[in-house]
Amino acid sequence: MDPVVALRELGGVGTFRELLGLTSRSQLAVALADGRIHKPRHNRYCLADLEGTLRAVARTGGTASHLSAAQEFGWKLKHDPLRPCVTLRRTSRKPRGSYELHWADLSERELRRNVTSRTRTVIDCARVYDFDVALCVADSALREGIIDRDDLLIAAARSPRTGRAKALRVASEASHLRANPFETCLYVIASSVPGLDVVPQGHVPGVGFVDLLERRLGMVMEAESLEHHWTKAGLQRDVDRYTKSARLGLVVLRFTWADVMFRPDEVRAAIEDVVRWRTMQAVGRHGLVA
């Protein structure tokens, strides 16, 4: 796989080991030499030009925020920001240039470090962006382990009224258990289906942990990446898990990254069909239908 495509599937950033699960050393070296990907620090590769964000901060006199701040922290995102995200002090004038601009009070520490705090970055994203984009940021922040969900809940409750409900929803549903934006976006799609109650990394005896589990209806949803399935051993492990799940009477739905990111309506329709079918089966078993 091309390293640029691989990094997109990984959420925009990745380690050397993560990339080698999708691409080769030689392809990685060529992409670095061509400037199509960057290595801002040891064992960290990214798509975004972080220097561009720093230049934007210098030109505007503001602070990197929102998705640009999330990039600075090395968090995995659903997608890179289209333009550098900068927050300016409330009294600042609108600068020239192509930026995603926000105005708010900034602490001296944020101005000195040229980036908003981790907790604030999550809440800022939650208040502004779509739920799936914001939840990817929150999940990645929790996986890092520096802040926890209580931090997010407190900050969301104290956030400005505009966007507070969105922030509270993101904070309440954020989880470190979802491994990447791929799994987070699949969770968002599945959780929007009426009658479905999915949990991330649910444990199935004899099978292990699955990406999403709906215990009541006996449904498993997997975010399938080439990273874990392109070897002979990976294929065998995948087949074994699928067979064990089928023997337990579980329905396994498998989706690719392209499915989830570019065809979410089709993914949702597939899940709805299985929910309808499993519900009818459950009703029939209880003698409520002929």
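Before any of the text, the structure's been laid out above.
Residues numbered from 1 in each chain as written. Predicted model: local features only at pLDDT ≥ 70, side-chain atom pairs only at ≥ 80, totals over all residues. Heavy atoms only, no water.

Caption draft 1: Spatial organisation of the pairing of strand 2 (residues 38–41). Inspection of the sheet shows strand 2 paired to strand 3 (residues 44–46) by two bridges, in the antiparallel sense. Counted as the bridge partner of His-38 is Cys-46 from strand 3. Counted between consecutive antiparallel strands, the loop separating strand 2 from strand 3 contains two residues, among which Asn-43 sits at a positive phi close to 60°. (Pairing = 2+ DSSP bridges. Helix = DSSP H or I, 4+ residues; strand = E, 2+ residues; numbered from the N terminus.)

Caption draft 2: Quick look at the packing of helix 7 (residues 118–128) against helix 10 (residues 164–173). Where helix 7 contacts helix 10, the axes come no closer than 7 Å and their chain directions differ by 120°. As summarised for this structure, helix 7 and helix 10 are arranged oblique, according to the angle between their axes. Taken as a pair, helix 7 and helix 10 cross one another with a handedness that is right-handed. Counted together, Ile-123, Ala-126, Arg-127 and Val-128 of helix 7 and Lys-166, Ala-167 and Val-170 of helix 10 form the full contact between these two elements. Among the residues forming the contact of helix 7 with helix 10, the class breakdown is five nonpolar, no polar and two charged. (Axes fitted to C-alpha atoms, helices over the stretch in contact; angles between N-to-C directions. Parallel < 35°, antiparallel > 145°, perpendicular 65-115°, else oblique. Left-handed = near helix turned anticlockwise from the far one by under 90°. Contact = heavy atoms within 4.5 Å. Nonpolar A, V, L, I, M, F, W, Y, C, P; charged D, E, K, R; others polar.)

Caption draft 3: How the structure looks around the side chain of Ser-68. If you trace the backbone, Ser-68 turns up in helix 5 (residues 66–72). Among the residues examined, Ser-68 registers a relative accessible area of 1% and is labelled buried. Every residue in contact with Ser-68, bar those within four places of it in the chain, is listed here: Thr-53, Pro-81, Arg-83, Pro-84 and Cys-85. (Buried < 20%, exposed > 50% of the residue type's maximum accessible area, 1.4 Å probe, protein only.)

Caption draft 4: Molecular detail of the sheet that holds strand 1 (residues 13–14). On the basis of which strands lie adjacent, the open sheet formed by three strands has the order 1-3-2 and antiparallel pairing. Among the strands making up the open sheet, the edge pair consists of strand 1 and strand 2. Taken together, the two bridges between strand 1 and strand 3 define a ladder with antiparallel strand orientation. Bridge assignment links Val-13 to a residue of strand 3, and that residue is Cys-46.

Caption draft 5: Region of the structure containing helix 8 (residues 131–144). Here helix 8 is 14 residues long and its end C-alpha atoms lie 20 Å apart, about the 20 Å a rise of 1.5 Å per residue gives. Summarising burial for helix 8: 12 of the 14 residues are buried, a large majority. Within the sequence span of helix 8, burial applies to Phe-131, Asp-132, Val-133, Ala-134, Leu-135, Cys-136, Val-137, Ala-138, Asp-139, Ser-140, Ala-141 and Leu-142. Looking at the buried side of helix 8, the elements it contacts are helix 5, helix 7, helix 9 (149–157), helix 10 and helix 11 (181–191). Note on helix 8: the residue one or two positions beyond its end, Gly-145, has a positive phi of about 90°. (Expected span 1.5 Å × (residues − 1).)

Caption draft 6: Structural context of the layout of surface pockets. Estimates place the volume of the second largest pocket at around 380 Å³. Going through the elements one at a time, strand 6 (100–103) and helix 7 are the ones with two or more residues in the lining of the second largest pocket. In terms of residue count, helix 7 provides more of the lining of the second largest pocket than any other element does, six residues in total. Considering only residue class, the lining of the second largest pocket consists of six nonpolar, seven polar and six charged. (1 Å grid on protein atoms, 1.4 Å probe; cavity = no way out; pocket = protein on both sides within 12 Å on 5 of 7 lines; lining within 4 Å. Points joined across faces, edges and corners; volume = space filled by probe spheres on them.)

Caption draft 7: Looking closely at the sheet that holds strand 8 (residues 208–214). Ordered in space as 7-8-9-10, the four strands form an open sheet in which the pairing is mixed. The open sheet has two free edges, formed respectively by strand 7 (199–204) and strand 10 (251–256), since each of these has just one partner strand. Strand-to-strand twist across the sheet, computed as the mean angle between neighbouring axes with direction ignored, equals 45°. Here strand 9 (residues 219–224) pairs with strand 10 via six bridges, running parallel. Paired with Glu-224 across the strands is Thr-256, a residue of strand 10. Lying on the sheet, helix 11 is in contact with strand 7, strand 8, strand 9 and strand 10; it crosses strand 9 at an angle near 145°. Across the sheet, helix 12 (residues 232–247) is in contact with strand 8, strand 9 and strand 10; its angle to strand 10 comes to roughly 145°.

Caption draft 8: Molecular detail of the state of the cysteines. Scanning the entire structure with this criterion turns up zero disulfides. Its sulfur unpaired, Cys-125 is 7.5 Å from the next cysteine sulfur, which belongs to Cys-85. Since its relative accessible area comes to 0%, Cys-125 is described here as buried. No disulfide involves Cys-185; its nearest neighbouring cysteine sulfur is the one of Cys-136, lying 3.8 Å away. Using a relative accessible area of 4% as the deciding quantity, one classes Cys-185 as buried. (Disulfide = S-S within 2.5 Å.)

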